[in-house]
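Residues per chain are reported as follows:
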Amino acid sequence: MINNTFGEIGIPPGAGLNVWDGAKIPHDGFQVFVNGDYVGDKALLTQTESPDDLEHYLKVQGLEGFRWELVGNRMSVEADHGVEAAVKEALHVYLNTR
């Protein structure tokens, strides 16, 4: 607390500091595209969630023949022609239930 002629002024601890410790913030997440088509948004709600979760989910669904990369807040999934529709559907379900 700072005491001045107008009374005490409370200053919260760390005020004015720009410190980021790597913790998740409310808007961490990314947009998901399959072969250039937007599928949905993935919010990372806990520190244990990561983009790798989507790859794991697709593999658990029995899907193969896809590659992905995350650049900034955009995940691009490239799916082989034979599995494109299945990958899109699986990710649509995943993104709308989690």
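Each remark here, short or long, concerns the structure printed above.
The rules we used
Residues numbered from 1 in each chain as written. Predicted model: local features only at pLDDT ≥ 70, side-chain atom pairs only at ≥ 80, totals over all residues. Heavy atoms only, no water. Pairing = 2+ DSSP bridges. Helix = DSSP H or I, 4+ residues; strand = E, 2+ residues; numbered from the N terminus. Axes fitted to C-alpha atoms, helices over the stretch in contact; angles between N-to-C directions. Contact = heavy atoms within 4.5 Å. Buried < 20%, exposed > 50% of the residue type's maximum accessible area, 1.4 Å probe, protein only. Arc of directions from axis to C-beta.

Asker: Just checking my understanding: could you explain the sheet that holds strand β4 (residues 37–43) for this structure?
Answerer: The strand order across the open sheet formed by four strands is β4-β3-β6-β5, and the pairing between neighbours is mixed. The open sheet has two free edges, formed respectively by β4 and β5 (66–71), since each of these has just one partner strand. Strand-to-strand twist across the sheet, computed as the mean angle between neighbouring axes with direction ignored, equals 20°. Looking at chain direction, strand β3 (residues 29–34) and strand β6 (residues 74–79) are connected through four bridges and run parallel. Paired with V34 across the two strands is V77, which belongs to β6. Packed onto the sheet, helix α1 (residues 52–60) meets β3, β4, β5 and β6 and runs at close to 165° relative to β5. Along the sheet, helix α2 (residues 84–97) contacts β3, β4 and β6; its crossing angle with β4, the most-contacted strand, is approximately 30°.

Asker: Any chance you could explain α1 here in plain terms?
Answerer: Given 3.6 residues per turn, any residue in an α-helix points the same way as the ones three and four places further on. Taken together, the buried positions of α1 are occupied by L54, Y57 and L58. Down the axis of α1, the smallest arc covering the buried residues is 95°, so these residues share one side. With respect to the buried face of α1, the exposed residues turned more than 90 degrees away are H56 and V60. Residues of α1 that are buried make contact with β3, β4, β5, β6 and α2. G62, located one to two residues past α1, shows a positive phi value of around 85°.

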